[in-house]
Protein chains: 2
Amino acid sequence: MASKNQIKNLKFIFEPKSIALVGASPIPNKVSNVIFKSLTEGNFQGEFYPVNPKYPDIHGLMCFPNISSIKKKIDCVIIATPAATVPAILLECANLKIKGVVLVTAGFSEAGVEGAALEKQIKEICDKNEIALIGPNCLGTLNPSTGADSVFLPMYKLERPKSGNIAFITQSGAVGSTIIDVSAYHGIGISKFISYGNATVLDEVDLLEYLEQDSKTKVIVAYIEGAKRGREMFEVMKRVNKKKPIIVLKAGKFAKSAQAAKSHTGNIAGSYLAYHAAFRQAKVVEAEGLEDLFDFMKIFSQPLAKGNRIAVMTNGGGMGVLTADAIDQIGLEFANFSEETKIKLKEILPSFGNVANPLDLIAEADADKYQKGIEIMMNDPGIDALLIITLFQTPPMDERVLNVLVKFSDDKRKPIACIMLGGAYTTNYQRYLDKYKVPSYNSPIAAVKTMKKFVEYSKFRNSVK
Amino acid sequence: MASKNQIKNLKFIFEPKSIALVGASPIPNKVSNVIFKSLTEGNFQGEFYPVNPKYPDIHGLMCFPNISSIKKKIDCVIIATPAATVPAILLECANLKIKGVVLVTAGFSEAGVEGAALEKQIKEICDKNEIALIGPNCLGTLNPSTGADSVFLPMYKLERPKSGNIAFITQSGAVGSTIIDVSAYHGIGISKFISYGNATVLDEVDLLEYLEQDSKTKVIVAYIEGAKRGREMFEVMKRVNKKKPIIVLKAGKFAKSAQAAKSHTGNIAGSYLAYHAAFRQAKVVEAEGLEDLFDFMKIFSQPLAKGNRIAVMTNGGGMGVLTADAIDQIGLEFANFSEETKIKLKEILPSFGNVANPLDLIAEADADKYQKGIEIMMNDPGIDALLIITLFQTPPMDERVLNVLVKFSDDKRKPIACIMLGGAYTTNYQRYLDKYKVPSYNSPIAAVKTMKKFVEYSKFRNSVK
C-alpha cells in the first residue's frame, strides 16, 4: 500500500521531462541496452541521461558515473542493475528528491530470503521518501503519448502500440509482452502500460486508484495472478468500474497453476472462487483467457446497449446460422423486427428473399445494401445491438463497406460488432476497421460472447447512472 | 443416395482431362467469368472449353454455342446458367456420356415449388445416366493438385490453398469460402474441397464414401446443417473415422438457428441432441465453432498420443500459468517427470530455476535450451504430449527456434503443439510453422482444447488398431 503522494508521483514515470537509465549498456540486446534504444530511437522528447561508471559514452551519448553527477533535475530513474546494488541507488534518488522509479531487475523476494530482505529495504526507502516505484521483477512501463518507455524488449520484436485510452496493468511480464505486441498489431491505442512485477511499493490497488484519476484512461484491463490486498482491490474495482469498465483475467486459478504462479496461499482453488464471486459482485468484466481479453476490450469503443435484443445481418447464410447458434447457446435475445422494419427490409431484399433475424442479404449484397439495412435497424427501437457479418470474399464487397461500418460505429447510436473471416484480403480490411475502432471478430462465438459481456456491462452502467 | 458408379465418377470432377464451362461470360465478376478466370489463370493443365451461344470468343478463347459442338471428349461440365435451362444441358451431357457435373446455379428446391420440380428432374437424369453431380446451389469444388476449380469467388479475394491431405465438405457456400480462404492463408494443404449445396445427387454420405477411398485424403472436415440420411451418415462416419479422422461442425443446433438454416425438421433442438450423441458414439471430433475447426485440423499432422499426460515448457512464466489453468479446466493430466528427467532438466536451468511442470526456461531461453529441454521430455516415458510456449518477443528467440520445433514435429515421436502470441514478428514466424505443419495456437485455451480432442481421438484410434 502506497501513500496518496506516491500514487500521484506516478506522473513522473509516465510524463517525465527527464529520465536517467542506471546500468545503461552498449551491449546489444541486454535489458539496459534495449531500454537505451527505445528511449533514444522512440518518440521520447525529454532529456535522457545514461548512467554507468564503466562507460564514458554509449552509442555516442555522454554517460554519467552516477545519478548525482548529472546535476540536472531528474523526474524518473530506470534501474537495470543487479539487485544488491539497488538500495544504494534508491538512497541516491531520495537525496536528489527523485520521485519516480522503474526497477526492472529481478532477484528479490521471488529468488529467496536474501532477495526478500533487499525488497524490504527498497520498500522502506520508497515509503519514507514518497518515491513511486514500479517493480521489481517487472517488464517495465510505457506511455505511448510521451514515449516514456522502460519496456525491456526490443522494438523490432515487440511493436509499441499507438496512444489511446485503454490502460493495462499486468503482474506477468510475459503476458504483458503479448498484450503490448497484439495491441500494436491490431491498432489498439493504449494510455498506460504497467507491468508491476512484485508490487513492492505500488500494487494493483494503488494502480487502479491512479488509473481512476487518469483522464487519458477510459478502459482498464488487468492480468492478475494473486492480489496482496484482495478486499481493498475489490472495493476499488467496484468503485472504478462504475466509471471506467474493468476487464480482468485472473490466472493461477487451480491448484496446479497456482503452484506454477508460485503462490503461497494455502487454499488456492477456494481462493479463485472467492475472486470470481467478488468480480461478479463488482460487475467487472471477467475474461476466461487471453483471447477474451483482446476480444472484450475492442467492444468498449461502442455506445452502451439499452438491452439484449440482437439483430444479425449477413451476406452468407451459413455464417448467419452459426451466429444464431452462438446467440442461442451463449444467451442473448433475438430482436423481433417491427412491422415497419419488415416492410423496409423487404424492399432491399431480392424478390425471393426472406425477412428474418438473422437477415440474409445474400451474396449479391454490396455497401449500399449494408448501408440501407443497418440504417433501418438503427431506427427500430426493438433492436438494441447489431452483429454484422461481412464476408469480403464476394465480388460486390469492397472498401465502401468499410466506410459504412466506420460511419455507423462513429455515430454511436447503437453498439455494433462485425464478424468476418478470411485470408490476406479480409485480414487487411480487418486491420483497417481496427484502426477506426470498429470491433471485428473472426468467429461468431467470439463476437456473441463479447456482445453478451458488453450487454451485461451496459445494463450495470445504465443502472448506476 | 447415389450409385457406386456415380461416387466413382467424382474422379471426372476432381481429375478432369477436359472441362467445359456452360454459361461462360466475359463480364467481370459474374460467377461464370470468375470460374473462366480461375481455370485459365490457375494451374489447370487440361483442355478448357467455354460454352455460350452469345459469344464467338471470350477473352480471346474460342467459345462454343453448346457442348455437342465441341466434338472432343469432355470429362467435366460446370454449369452456371439459370435453373430452367439445366435439365436440357444435363440431357446433352447424358447423350455425350459426360459423367462429371458441377452445378453452381441456385433457384431450385430452396426457391420454391417450381425449383423443386426442376431439382427432381435433375436427379432423375443424373441417376439414370450415372452422372456424378455436385450441387445445385453450391459454391463449387476445388482440387488444388489438378487445378480443377469451380469455386466461383475470385482468386484475388479468395486465395486458393496448396495441395495437401485435408478434405473439406460443406453444406454452406459462405462457410466454405472462409474455409478455403483461411486454409490458404495458414498454409494448410487440402486434397479436395466440396461445397455440395442442395445435395441433390451426391450427399454427405456419398462424399464421405468417396473420401474414404481417396488416397490423397488423410483428414476429413465437414460442415453440416442437416443430413438427409442421418442414420447412414453416422454409420459411414463410424467406419471412416477409424481410418481417417473426421472433424465435424454441426450448425443449426437450436430452434432459432435451425430456422435460419431453413430446416424443415419439426423438432430441431431434440435433433441436435441426437446428432451430438451420434458424433460421440462414432468418436468423431466435434467442433463447437469455426475456430475449433481450424484449430483441430492442424493437430492431425502429429503422431497419435499414447496417453493424456502433458508436459508444458515456456520462456514466460505467466503464459505457463495460463496454460496450467487451461489444462486443469479442460481436463488433461500434468505429466510427472521421472527422476532422470528432473536431473537433466535441472542442468539446463539457471541456478535459481525450478524443475516443475510447466517448466519455465525463463526469458533467457534460446533455441539450444528448447532443443535440449524437448529432447529430455521426448525421452521420458511418463510424458505423452508436449505443449511448447515460445514467446518470440525476447532477444534470444530467433529463427533457430523454428528449426528446433520443425525437427521435433517431423520426427514424430510424440505430438507437440506450440503456443505463441504477438504482432507482426511473431505472426510471421507462425506462418513459417504452418508451412511445415507444426501446429501453433494463439492462446493456451485453444491449444489445450485441441490437445484434449487429439488425445481423445488418439485413445480411440489406438483401441481399434
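Here the structure is a predicted model, which is why all the values come from computation and not from measurement. (Residues numbered from 1 in each chain as written. Chains lettered and ligands numbered in written order. Predicted model: local features only at pLDDT ≥ 70, side-chain atom pairs only at ≥ 80, totals over all residues. Heavy atoms only, no water.)

Q: Can you explain the sheet that holds strand β9 (residues 148–149) of chain A? Please cite residues and give values.
A: Sheets are built from strands that pair by backbone hydrogen bonding, the pairs being arranged parallel or antiparallel. Residue and element names in this part refer to chain A. The strand order across the open sheet formed by seven strands is β9-β8-β11-β10-β12-β13-β14, and the pairing between neighbours is mixed. Each having just a single partner strand, β9 and β14 (285–287) make up the two edges of the open sheet. When strand β10 (residues 163–170) meets strand β12 (residues 219–224), the two strands line up parallel, connected through five bridges. Across the sheet, residue A167 finds its bridge partner in β12, namely I220. (Pairing = 2+ DSSP bridges. Helix = DSSP H or I, 4+ residues; strand = E, 2+ residues; numbered from the N terminus.)

Q: Explain the packing of aromatic side chains to me, using residue names and the numbers behind them.
A: In this structure the tally under the stated criterion is 26 aromatic pairs over all chains. Relative to F454 of chain A, the ring of F300 of chain A lies with its centre 5.3 Å away and its plane at 80°, an arrangement referred to as edge-to-face. Remark: F454 of chain A occurs in helix α17 (residues 444–464) and F300 of chain A occurs in the loop between α11 (290–299) and β15 (309–314); sequence separation between them is 154 residues. No difference in accessibility class separates F300 of chain A from F454 of chain A, as the two residues are buried. Grouped by ring-pair contacts, the aromatic residues Y156 of chain A together with F392, Y425 and Y429 of chain B constitute a single cluster. One Lys or Arg, K192 of chain A, reaches over the ring of F14 of chain A and ends 5.9 Å from the middle of that ring. If you follow R431 of chain A out to its NZ or CZ, it ends over the ring of Y185 of chain A, 5.6 Å from the centre. (Phe/Tyr/Trp six-rings, centres within 6.5 Å; stacked < 30°, edge-to-face > 60°. Buried < 20%, exposed > 50% of the residue type's maximum accessible area, 1.4 Å probe, protein only. Lys NZ or Arg CZ within 6 Å of the ring centre and 35° of its normal.)

Q: Describe the interface of chain B and chain A, naming the residues involved and giving the relevant values.
A: Counting from both sides, the interface comprises 65 residues of chain B and, opposite them, 65 residues of chain A. For the pair chain B and chain A, the two sides together bury roughly 4,900 Å², of which 67% comes from carbon and sulfur. Taken together, the connections running from chain B to chain A amount to zero salt bridges. Seen at the junction of chain B and chain A, the total is 19 residue pairs in polar contact (both at pLDDT 80 or more). Those elements giving two or more residues to the side of chain B that touches chain A turn out to be α6 (173–185), β13 (246–250), α9 (255–260), α11 (290–299), α12 (317–330), α16 (424–435) and α17 (444–464) of chain B. Split into classes, the residues belonging to the side of chain B that touches chain A amount to 33 nonpolar, 19 polar and 13 charged. (Contact = heavy atoms within 4.5 Å. Buried area = accessible area lost by both parts, 1.4 Å probe. Salt bridge = Lys/Arg side-chain N within 4 Å of Asp/Glu carboxyl O. Polar contact = N/O pair within 3.5 Å; in protein donor to acceptor, adjacent residues only side chain to side chain. Nonpolar A, V, L, I, M, F, W, Y, C, P; charged D, E, K, R; others polar.)

Structural measurements only, silent on function.
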